[in-house]
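# Survey of secondary and tertiary structure
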Amino acid sequence: MSLITIKTSRHETDLLVLKSRLESEGIECYLKNELTTQLMNYIPTFEIELQVQTLDLERVKKIMNEIENN
């Protein structure tokens, strides 16, 4: 399984709405560095990454465009 990062943030809550929307469309999502960022939140270089499988990338782009245009 090959994963690709589609969005990053220092705060998990910034990613949860998009993650929830993608999962409701049947797309598996993963939060990379979620725990590291919680433990080391004083270091500004750590970011949480929202990742999806490369196979789902086109569907994800379409959904993200729909969200931006609404």
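Because the structure is a prediction, the values reported are computed rather than measured.

## Re the sheet that holds strand β1 (residues 3-9)
What holds strands together in a sheet is hydrogen bonding between their backbones, with the strands either parallel or antiparallel. With respect to topology, three strands assemble into an open sheet ordered β1-β3-β2, the strand pairing being antiparallel. Since the sheet does not close on itself, it has two edges, and those belong to β1 and β2 (29-32), each with one partner. Averaged over all pairs of adjacent strands, the angle between strand axes in this sheet comes to 30°, irrespective of strand direction. Sheet topology note: the β1/strand β3 (residues 48-53) ladder contains six bridges and is antiparallel. Its bridge partner being in β3, leucine 3 is matched across the sheet by glutamine 53. Packing of helix α1 (residues 13-24) onto the sheet brings it into contact with β1, β2 and β3, and relative to β1 it is tilted by some 140°. Taken strand by strand, helix α3 (residues 57-69) contacts β1 and β3, and its axis lies near 25° from that of β1.

## Regarding the pairing of β3
With six of six residues buried, β3 is to be regarded as a mostly interior element. Burial along β3 is two-sided: the face carrying Ile48, Leu50 and Val52 and the face carrying Glu49, Gln51 and Gln53 are both buried. The pairing of β2 with β3 spans four bridges and is classified as antiparallel. Counted as the bridge partner of leucine 31 is leucine 50 from β3.

## Looking at α3
Between its first and last C-alpha, α3 extends 18 Å over 13 residues, near the 18 Å set by a 1.5 Å rise per residue. The inward-facing, buried residues of α3 abut β1, α1 and β3.

## Quick word on the nonpolar core
Formed by 13 residues in total, the largest nonpolar core has its most connected members in Ile6, Leu22, Ile27, Leu50, Val52 and Val60. Those elements that provide at least two residues to this core are α1, β2, β3 and α3. Those residues within four positions of leucine 50 in sequence are excluded, and the remaining contacts are Ile4, Thr5, Ile6, Lys7, Leu15, Leu18, Lys19, Leu22, Cys29, Tyr30 and Leu31.

What counts and how
Residues numbered from 1 in each chain as written. Predicted model: local features only at pLDDT ≥ 70, side-chain atom pairs only at ≥ 80, totals over all residues. Heavy atoms only, no water. Pairing = 2+ DSSP bridges. Helix = DSSP H or I, 4+ residues; strand = E, 2+ residues; numbered from the N terminus. Axes fitted to C-alpha atoms, helices over the stretch in contact; angles between N-to-C directions. Contact = heavy atoms within 4.5 Å. Buried < 20%, exposed > 50% of the residue type's maximum accessible area, 1.4 Å probe, protein only. Expected span 1.5 Å × (residues − 1). Core = buried A, V, L, I, M, F, W, Y, C linked by side-chain atoms within 4.5 Å.

Structural measurements only, silent on function.
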